[in-house]
Amino acid sequence: MATTAQAGNTLADVITPLVNKDGMTATLLPGVLLLCLSRHQVRTPLLYEPSLTIIAQGRKTGYLGDREIHYDPGQYLVQTLPLPFECETYGSLEAPLLGISVRLDPALLSEMVTAMGDTSSHGQVPLPMASVAMTEGMQDAVLRLARTLHVEIECRTMGTARIRDVVFEALKGEQGQALRALVLGHGNYSRIVQVLSKLHSHFADDFSVEQLASQANMSASTFHQHFKQITRASPAQYLKRLRLIKAQQLLLQDNHNVNQAAAAVGYRSVPQFSRDYKRYFGEPPLQHRRQEQALRA
């Protein structure tokens with residue numbers, strides 16, 4: 001049996017020929033991305049879509065409110081909700097961070113959870129974001145997926161099956177309950193998930209806690225408590241962070257100026273937007289855009 005370190009090194013060897021730049025690299029399989037970073041990246045606000053992130057080399061530390069989430073070749077990250085969080089990445093020129101990200105397709109997840117049946121425990125509130133220890137089954141499934149990425153005909157014929165293998169291993173793992181909760185919709189967690197979905201679809205709109213609580217069919221105080229328990233932020237903090245990350249994305253696409261980006265995410269005051277942006281990202285919008293573009297050049 002391969003050790004975790006050996007498996008990680010093997011996966012890194014398979015990934016390395018497929019990446020030639022820092023950042024995210026698309027693959028022949030939709031929803032599967034490769035990660036590479038040949039430097040240390042300080043704690044930075046991020047927003048991951050629901051996905052599995054497997055690190056082959058290097059390490060990451062995620063910060064979600066008061067939680068620290070460590071993932072390296074010994075763990076993989078299960079992200080069930082698109083939560084704004086902060087992340088520090090450890091990589092270097094000699095040993096860049098390498099990894100693979102598998103998007104959690106709602107239709108595939110629903111099909112697989114339905115086929116497996118409801119094996120979840122209803123007593124514990126699921127964690128929307130957590131690292132899970134790599135198992136031998138997950139190591140083997142990810143390695144098969146990574147090798148498939150090298151051959152176009154394999155991607156066309158076996159790609160979906162390889163992704164299913166990886167998702168199946170995640171459903172069997174410690175975070176399987178959180179993945180099943182997205183499909184089966186148990187209790188308060190499911191209600192908060194529905195509210196988060198609305199916020200992500202309409203982040204430029206203004207919402208009161210009372211309006212969101214009403215959608216969740218909860219009192220305002222109960223809603224606030226459950227929302228913070230899951231996201232590690234108040235509804236107002238969550239919406240502000242979501243807007244700022246969306247604004248950053250618009251600015252980096254270089255087709256929005258500061259005024260346009262602020263308006264697009266729901267800010268009525270550009271000075272207030274600039275102050276909030278600097279407080280969150282550490283730099284004013286235009287300076288931050290120049291720095292990010294220089295790093296990606």
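Because the structure is a prediction, the values reported are computed rather than measured.

Peer 1: Could you clarify how one ought to interpret the domain arrangement of the protein in this entry?
Peer 2: It is common to report an interface's size as the accessible area lost on association of the parts. One can read the domain layout of the protein as domain 1 (2-182) and domain 2 (188-296). For domain 1 and domain 2, the distance between their C-alpha centres works out to 25 Å. Opposite the 21 residues of domain 1 that make contact, domain 2 presents 16 residues. Surface buried jointly by domain 1 and domain 2 totals about 1,600 Å² across both partners, of which 70% is contributed by carbon and sulfur atoms. Interface area lost by domain 1 to domain 2 is led by Pro45, Leu47 and Pro84, which between them contribute 31%. For the interface between domain 1 and domain 2, the tally reads one salt bridge. Run the count over domain 1 and domain 2 and you get four residue pairs in polar contact (both at pLDDT 80 or more). Where the side of domain 1 that touches domain 2 is concerned, the elements lending two or more residues are strand 3 (41-47), strand 8 (84-90) and helix 5 (176-184). Counted by class, the side of domain 1 that touches domain 2 contains 15 nonpolar, two polar and four charged residues.

Peer 1: What should I look at first to understand the sheet that holds strand 5 (residues 59-64) in this one?
Peer 2: Sheets are built from strands paired through backbone hydrogen bonds, the pairs being either parallel or antiparallel. The sheet built from four strands is open, its strands ordered 3-8-5-6 with antiparallel pairing. Of all the strands in the sheet, just strand 3 and strand 6 (67-71) have a single pairing partner and so form its edges. The sheet shows a mean angle of 25 degrees between the axes of neighbouring strands, direction not considered. Examined bridge by bridge, strand 3 and strand 8 share five bridges and lie antiparallel to one another. Directly across from Pro45, in strand 8, lies its bridge partner Glu86.

Peer 1: Is there a simple way to think about unusual backbone geometry in this case?
Peer 2: Apart from glycine, the bulk of residues carry a negative phi angle, and the bulk of peptide bonds sit in the trans form. Phi is positive for Asn217, close to 60 degrees, though the residue is something other than glycine. For Asn217, the position within the fold is in the loop between helix 7 (209-215) and helix 8 (220-231). Within the chain, Arg232 stands out as a residue other than glycine whose phi angle is a positive 60 degrees. Of note, Arg232 is situated in the loop between helix 8 and helix 9 (235-252). By relative accessible area, Arg232 is classed as partly exposed at 27%.

Peer 1: For this particular structure, what's the right way to read the sheet that holds strand 9 (residues 97-103)?
Peer 2: Taken in spatial order, the six strands line up as 1-2-9-4-7-10 in an open sheet, and their pairing is antiparallel. At either margin of the open sheet sits one strand with a lone partner, and together these are strand 1 (23-26) and strand 10 (129-133). Ignoring strand direction, the axes of neighbouring strands in this sheet form an average angle of 25 degrees. Sheet topology note: the strand 1/strand 2 (residues 32-37) ladder contains four bridges and is antiparallel.

Peer 1: Would you take a moment to explain the packing of helix 6 (residues 187-201) against helix 8 for this structure?
Peer 2: Packed helix pairs are specified by the crossing angle of their axes together with the interaxial distance, meaning the distance between the axes. Direction vectors running N to C along helix 6 and helix 8 enclose 80 degrees, while the axes themselves pass 10 Å from each other. Between helix 6 and helix 8, the crossing angle belongs to the class labelled roughly perpendicular. Packed against helix 6, whose contacting residues are Asn188, Tyr189, Ile192, Val195, Leu196 and Leu199, the element helix 8 presents Phe223, His226, Phe227, Ile230 and Thr231 at the interface. Of the residues contributing to the contact of helix 6 with helix 8, the split by class is eight nonpolar, three polar and no charged.

Peer 1: Where do I start with the nonpolar core in this structure?
Peer 2: Nonpolar side chains tend to gather and get buried jointly when the protein is soluble and globular. Formed by 48 residues in total, the largest nonpolar core has its most connected members in Leu196, Leu199, Phe223, Phe227, Tyr238 and Phe273. The element contributing the most residues to this core is helix 9, with eight residues. Apart from the residues within four sequence positions on either side, Phe273 is in contact with Leu244, Ala247, Val258, Ala262, Tyr267 and Pro285. One finds Ala12, Leu29, Ile163 and Val167 within the second-largest nonpolar core, a separate group that totals 38 residues.

About the criteria used
- Residues numbered from 1 in each chain as written.
- Predicted model: local features only at pLDDT ≥ 70, side-chain atom pairs only at ≥ 80, totals over all residues.
- Heavy atoms only, no water.
- Domains from an automatic or database assignment.
- Contact = heavy atoms within 4.5 Å.
- Buried area = accessible area lost by both parts, 1.4 Å probe.
- Salt bridge = Lys/Arg side-chain N within 4 Å of Asp/Glu carboxyl O.
- Polar contact = N/O pair within 3.5 Å; in protein donor to acceptor, adjacent residues only side chain to side chain.
- Helix = DSSP H or I, 4+ residues; strand = E, 2+ residues; numbered from the N terminus.
- Nonpolar A, V, L, I, M, F, W, Y, C, P; charged D, E, K, R; others polar.
- Pairing = 2+ DSSP bridges.
- Axes fitted to C-alpha atoms, helices over the stretch in contact; angles between N-to-C directions.
- Buried < 20%, exposed > 50% of the residue type's maximum accessible area, 1.4 Å probe, protein only.
- Parallel < 35°, antiparallel > 145°, perpendicular 65-115°, else oblique.
- Core = buried A, V, L, I, M, F, W, Y, C linked by side-chain atoms within 4.5 Å.

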